[in-house]
Amino acid sequence: MTSALELTGIKKSFDGVVALDGAVFAAKSGEVHALLGENGAGKSSLMNIAAGFYVPDIGTVAIHGEAVALSGPADARARGIGMVHQHFKLVKPFTVAENILLANPQRHFRSGIRDIRDGVRKQAVELGFDIDPDRRVEDLTVAEQQQVEIIKVLLGGAKILILDEPTAVLTDVEAERLLETVRRLAQSGVAVVLVTHKLHEVKRYADAVTIMRGGRTVATADPRVASAAELTELTVGQTAPLPDRTERPLGPTLLNVGALHCARSDGQVMVADTSFFVRAGEIYGLAGVSGNGQAELAEALIGARQPLSGEIWLEGPGDIAAAPAAVRREAGLAAIPADRYAFALAGSLSIADNFAVATIESGCYGPPWLIDRAAIRRDASEAITAYDVQGVRSVGQKAALLSGGNAQKLVIAREFSRQPTVVVAHSPSRGLDVRACAAVHERLLAARDRGAAVVLISEDLDEILALSDRIGVMTRGRIVAEFDRPADRQEIGRAMVDHA
Amino acid sequence: MHDVAMIAVESQSAPPPKLPPRRGRGRVTLDIRQTISPWKQAGILGGSLAIGLAISVVILDFAGIAPLDLAKELAGVFNADSLRSVLVRAAPLILVGLGAGLAFRIGFWNLGLEGQMVFGGIFATAVSIYDIGPESTRIVLMGVAASAGGILWVLLAYWMKVRFRVNEIISTLLMNYIASYFLLHLLYGAWQDSKTAFPQSSQYRPFERLSDIGSGVNSALLVALAVAAVAAWAVHLSRAGFYMRFISANANMAKVVGVPVRTISLIVIAASGAAAGLAGFVNVSSQEGRLTQSFFDGYVFSGILIAFLSRNDPIIVVIVGFLLAVLFVTGQTLQVFYQIPFTMVQLVEAIIVIAVASSEFLIRHRIRWTR
């Protein structure tokens, strides 16, 4: 049987940086084909070529055995290739039906939108989605927006469906439901390409897996036969060992949160009566199902959100709940927020500026009346090397051009360059590949060993269990249980879901 | 039929994919530029400006001014007499341009430059009317008072924004009307010129006027240049300027990494008001020599235009302010000799704003026509 989609010998470079170097990929109709690899391995670039967004420098794209030269995404769509991007391409103030009409132009608006509306309803029923075509996209949840993207692509007649890291933005339950749907789609004859770096998804849902590393295809395997260790080895190159833990005596309390209440921007109280403390030399893990107030708590701790009431006490300045963020910075607080481009980086400014902004107040880059640009560039270059931030051609380039993992490394380089005493990290490894993830964890453990108090808020229980000295479980804005290391995974899981 | 292939919507952080040209029938493709060289950027800006000016020339031609006559009038600006009035006009324009540019740099849309000018003029005139301070330092005191007036009026809007979340675009714009009616209240009331009974304040005394300092240069221009120099230093070299870039790029992020957002905003907005207040002062003191009903007229629009054209860079504000003064002085000549209304000059201004605004689109995007 010929492949539905086949890419051979693909090479592609952007401004001299090689993204793909001899990549190969083939997916058959009726299968879920996973594309596995670290951040920056070239998965997204390769699939953007398949979907007509990029033109390869060298190499061929074949659809159902026929070599084609895609002239653009519209051409790819016409040939039955549909891609759902990580960042959705939807017009937020438009309704679902209007968005789908935009991607699939009809001759007449009125009859077109009527047809689309019917099509959406039918497709939604088939896929088991609950989507009202007349709702505005901005009112939909992330999972629903993704469903709209999938319906959009399928209504466009896609027989080859490319999903770029579809589960990165979903909760576990939503992810499972999506992947079940994807399986059913494949059974109906669609070729599904699942771009991911989550091994368990590959093991559970994929019929075949292609593994990429450094812009090359390193292997194609049957995930039901290959072991997880083998797949990891292929993805990472070499397995990164978990850092050893050295036991140290705990120091004094550095951070104390007392009876904290925080509201979401719409007024809903998300953090209600949360209290905990963190001592020098320990990592306090906060586990919980996403949406139980973790985001608001993290924002309150780093100074992005004004709490309604309660205390955030830091060794040194005391209660800083109402103080501006600058005060906690001076006291040595480091912030690693979950949403990097919302709270940690200014994408339109340079890497060097983003690196220097947190420390410049101390006077290390010249007096207030004259900033020392040379020193900023020098320190930024050094930090980029020390923290292994990749994809940097010059420290003067915009921070938005960094990939997710490298942007996170830049944030960490900046935050840890000042030897923080308190670290607040929220989902620090979200969207990162295995190696970047290990690097982040190493930095957190090093900070702890140096005597910092670390708060680790994460929805990833494995991360919490691997790193934390003490674990609090957050449910409905409260800490409902606390566990000492070694904690029992089952008990934590029960605390996360049981509490009414 | 040509249609736009695809418009990338809300690409927040990920660089948007490039669209290759589509073959077949002719088609316009639009993509977002990743980078652009400063030369190309200047070229696009200059090109748009040229198109705007060309349209203006055509419109003026219809209004009865032949392009050749127009060129002659423009050249006439550079004789000593006209140059002197250009330099006098340039001073308040540079100052309002700085006022607008500074506030725009941190994303505070100060459209209340006229109101701040009015209060600058009122405060300065109050110093004159109530004879405050010795004669030797009177002019300095008037300048300080004018700045204070501008600061007061803009900070009122900033306070409403912080305290009640009132959008400053609306508050500053509407406060212009409050200011101008308060001015009329004074000019038709307590401050009316007792000698002439015209609705204007009495003439300033000589030591209250910004005078010529030789070779046709008025000291008003020196005030404007000094403010521009300080602003250029603050924006480009100081730590506050560094912070300002973060406040406009991502205010939430700036707050979290410890940028003193409130303090910097307060200082910059106050500086914006002070510059506008000074503009009011140099205008009344160097040109009219008294508070009039309309000394501030049209300056909010000019200020926005200058900030726009100069991309909020204080150094370029000086150049653009000067060019706009040339436009105004020529416009005055045209009004007198060709009987065109002042609105024509404003029309030319508006055309230039639109041309520059559209150049922004071309700088961010690339349009290609492929067949």
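A look at the overall build of chain B
In step 1: Counting its regular elements, chain B contains 13 helices and 2 strands.
In step 2: Here the C-alpha atoms of chain B give a radius of gyration of 23 Å, agreeing with the 21 Å that 2.2 N^0.38 yields for 371 residues.
In step 3: With respect to the three principal axes, the spread of C-alpha positions in chain B is 80 × 60 × 35 Å.
In step 4: Within chain B, the fraction of its 371 residues that count as buried is 43%.
In step 5: Across chain B, contacts joining residues at least 24 apart in sequence account for 77% of those joining residues at least 6 apart.

What to know about the overall build of chain A
In step 1: Tallying secondary structure elements over chain A gives 17 helices and 20 strands in all.
In step 2: Taken over C-alpha atoms, the radius of gyration comes to 24 Å for chain A, in line with the 23 Å a tight globule of 500 residues would show.
In step 3: Principal-axis analysis of the C-alpha atoms places the extent of chain A at approximately 70 × 50 × 50 Å.
In step 4: Every one of the 500 residues in chain A was classed for burial, and the buried ones make up 47%.

Remarks on the sheet that holds strand β9 (residues 208-213) of chain A
Residue and element names in this part refer to chain A.
In step 1: In spatial order, the strands read β6-β7-β8-β3-β9-β10; together these 6 strands make up an open sheet with mixed pairing. In this open sheet, the two edge strands, each paired with only one partner strand, are β6 (81-84) and β10 (216-221). Along the sheet, successive strands turn relative to each other by an average axial angle of 20°, direction set aside.
In step 2: Two elements, β9 and β10, share 5 bridges in a ladder whose sense is antiparallel. When the sheet's bridge partners are listed, threonine 210 is paired in β10 with threonine 220.
In step 3: Packing of helix α6 (residues 172-187) onto the sheet brings it into contact with β3 (32-36), β7 (160-164) and β8 (191-196), and relative to β8 it is tilted by some 150°.

A look at the pairing of β8 of chain A
Residues and elements named next belong to chain A.
In step 1: A large share of β8 lies buried, amounting to 6 of its 6 residues.
In step 2: Here β8 shows a buried face lined by Ala191, Val193 and Val195 and a second buried face lined by Val192, Leu194 and Thr196.
In step 3: Examined bridge by bridge, β3 and β8 share 5 bridges and lie parallel to one another. Across the sheet, alanine 34 pairs through a bridge with leucine 194, a residue of β8.
In step 4: The parallel pair β7 and β8 is bridged by α6, and the resulting crossover is right-handed.

Some details on the interface of chain A and chain B
When the parts of a complex come together, some accessible area is lost, and that lost area is often taken as the interface size.
In step 1: On the side of chain B, 32 residues touch chain A, which itself brings 44 residues to the contact.
In step 2: When residues of the side of chain A that touches chain B are traced back to their parent elements, those giving at least two are α2 (73-78), α10 (325-330) and α11 (340-343) of chain A.
In step 3: Among the residues making up the side of chain A that touches chain B, the classes are represented as 30 nonpolar, 8 polar and 6 charged.

As for the confidence of the model for chain B
All names here are of chain B.
In step 1: In the predicted model, chain B carries a mean pLDDT of 86, and the fraction of residues at 70 or more is 92%.
In step 2: Here residues 1-23 scores under 50 on pLDDT; set against residues more than four positions off or in separate chains, the count is 55 contacts.
In step 3: The ipTM for the predicted assembly is 0.78, set against a pTM of 0.72.

A word on the domain arrangement of chain B
Residue and element names in this part refer to chain B.
In step 1: On domain assignment, one finds that chain B holds domain 1 (1-63 + 361-371) and domain 2 (65-339).
In step 2: For domain 1 versus domain 2, the distance between C-alpha centres works out to 34 Å.
In step 3: The partner domain 2 presents 4 residues to the 4 residues of domain 1 that form the contact.
In step 4: Among the residues making up the side of domain 1 that touches domain 2, the classes are represented as 3 nonpolar, no polar and 1 charged.

So, the nonpolar core
In step 1: The biggest cluster of nonpolar side chains holds 185 residues, and the ones touching the most others in it are Val424, Val454, Val455 and Leu456 of chain A together with Leu95 of chain B.
In step 2: The residues touching valine 454 of chain A, leaving out its near neighbours within four places in the chain, are Ile283, Tyr284, Val423, Ala425, Leu444, Ala447 and Arg448 of chain A.
In step 3: By size, the runner-up hydrophobic cluster in this structure holds 63 residues, among which are Ala23, Val84, Ala158 and Val195 of chain A.

Structural notes on the domain arrangement of chain A
In step 1: In terms of domains, chain A is made up of domain 1 (5-236) and domain 2 (253-498).
In step 2: Here domain 1 of chain A and domain 2 of chain A have C-alpha centroids that lie 32 Å from each other.

Thoughts on the pairing of β7 of chain A
Residue and element names in this part refer to chain A.
In step 1: Burial within β7 is extensive, with 5 of its 5 residues counted as buried.
In step 2: Of the two faces of β7, the one carrying Ile160, Ile162 and Asp164 and the one carrying Leu161 and Leu163 are both buried.
In step 3: Where β6 and β7 come together, 4 bridges link them in parallel fashion. The residue of β7 that forms the bridge with methionine 83 is isoleucine 162.
In step 4: In this structure, β7 lies alongside β8, joined through 5 bridges in parallel fashion. Its bridge partner being in β8, isoleucine 160 is matched across the sheet by alanine 191.

As for the packing of helix α5 (residues 138-164) of chain B against helix α6 (residues 168-187) of chain B
Helix packing geometry: the angle between the two helix axes and the distance between the axes.
Residue and element names in this part refer to chain B.
In step 1: Two elements in contact, α5 and α6, have axes separated by 10 Å at closest approach and are oriented at 145°. Here α5 runs over α6; the crossing is right-handed. Across the interface between the two elements, Trp153, Leu156, Ala157, Tyr158, Met160 and Lys161 of α5 pack against Glu168, Ser171, Thr172, Met175 and Ala179 of α6.
In step 2: Per-class residue counts for the contact of α5 with α6 are 7 nonpolar, 2 polar and 2 charged.

Topic: unusual backbone geometry
In step 1: In this model, glutamine 419 of chain A sits at a positive phi of 50°, which is unusual for a non-glycine residue.
In step 2: Since 11 C-beta atoms lie within 10 Å of it, glutamine 419 of chain A is described here as exposed.
In step 3: If you check the backbone angles, alanine 197 of chain B has positive phi at about 60° while not being a glycine.
In step 4: Turning to its location among the elements, alanine 197 of chain B is positioned in the loop between α6 and α7 (219-236).
In step 5: Since 8 C-beta atoms lie within 10 Å of it, alanine 197 of chain B is described here as exposed.

Here we look at the environment of tyrosine 338 of chain B
Residues and elements named next belong to chain B.
In step 1: Inspection of the secondary structure assignment puts tyrosine 338 in helix α12 (residues 314-338).
In step 2: For tyrosine 338, a count of 16 C-beta atoms within 10 Å gives the class partly exposed.
In step 3: Not counting the four nearest positions on each side in its chain, tyrosine 338 is found in contact with Gly64 and Ile65.

Concerning the environment of serine 3 of chain A
In step 1: With respect to the helices and strands, serine 3 of chain A occurs in the segment before β1 (5-14).
In step 2: Once you skip the residues sitting within four places of it in the chain, serine 3 of chain A turns out to touch Ala26, Ala27 and Lys28 of chain A.

Observations regarding the sheet that holds strand β14 (residues 309-314) of chain A
Residues and elements named next belong to chain A.
In step 1: Ordered by their spatial adjacency, 4 strands build an open sheet running β12-β11-β14-β15, and the pairing between neighbours is antiparallel. Only two strands of the sheet have a single partner each, and these edge strands are β12 (269-279) and β15 (318-319).
In step 2: One ladder, built from 7 bridges, connects strand β11 (residues 253-263) with β12; its direction is antiparallel. Residue pairing in the sheet places leucine 255 in a bridge with valine 278 of β12.

A few points about helix α8 (residues 239-249) of chain B
In step 1: Burial analysis of α8 of chain B places 8 of its 11 residues in the buried class, which makes it a mostly covered element.
In step 2: By the burial criterion, the buried members of α8 of chain B are Arg239, Ala240, Phe242, Tyr243, Met244, Arg245, Phe246 and Ile247 of chain B.
In step 3: Along its buried surface, α8 of chain B packs onto α12 (351-356) of chain A together with α3 (80-105), α7, α9 (251-256) and α10 (261-288) of chain B.

Remarks on the packing of α7 of chain B against α8 of chain B
Residue and element names in this part refer to chain B.
In step 1: Interaxial distance between α7 and α8 falls to 5 Å at its minimum, and their mutual angle equals 65°. Contacts between α7 and α8 pair Ala234, Val235 and His236 from the former with Ala240, Gly241 and Met244 from the latter.
In step 2: Tallied by class, the residues present in the contact of α7 with α8 amount to 4 nonpolar, 2 polar and no charged.

Some points on helix α11 (residues 299-309) of chain B
Residue and element names in this part refer to chain B.
In step 1: Counted residue by residue, α11 has 10 buried out of 11 residues, so it is predominantly covered.
In step 2: Along α11, the residues that are buried comprise Tyr299, Val300, Ser302, Gly303, Ile304, Leu305, Ile306, Ala307, Phe308 and Leu309.
In step 3: On the buried face of α11, the contacting elements are α3, α4 (113-129), α6, α10, α12 and α13 (342-364).
In step 4: Just downstream of α11, arginine 311 is the residue with a positive phi angle, here 50°.

The rules we used
Residues numbered from 1 in each chain as written. Chains lettered and ligands numbered in written order. Predicted model: local features only at pLDDT ≥ 70, side-chain atom pairs only at ≥ 80, totals over all residues. Helix = DSSP H or I, 4+ residues; strand = E, 2+ residues; numbered from the N terminus. Rg over C-alpha atoms; globule rule 2.2 N^0.38 Å. Buried ≥ 20, exposed ≤ 12 C-beta atoms within 10 Å, placed from the backbone. Contact = placed C-beta atoms within 7 Å. Pairing = 2+ DSSP bridges. Axes fitted to C-alpha atoms, helices over the stretch in contact; angles between N-to-C directions. Right-handed = clockwise from strand over helix to strand, strands pointing away. Nonpolar A, V, L, I, M, F, W, Y, C, P; charged D, E, K, R; others polar. pLDDT = per-residue confidence, 0-100. Domains from an automatic or database assignment. Core = buried A, V, L, I, M, F, W, Y, C linked by C-beta atoms within 7 Å. Left-handed = near helix turned anticlockwise from the far one by under 90°.

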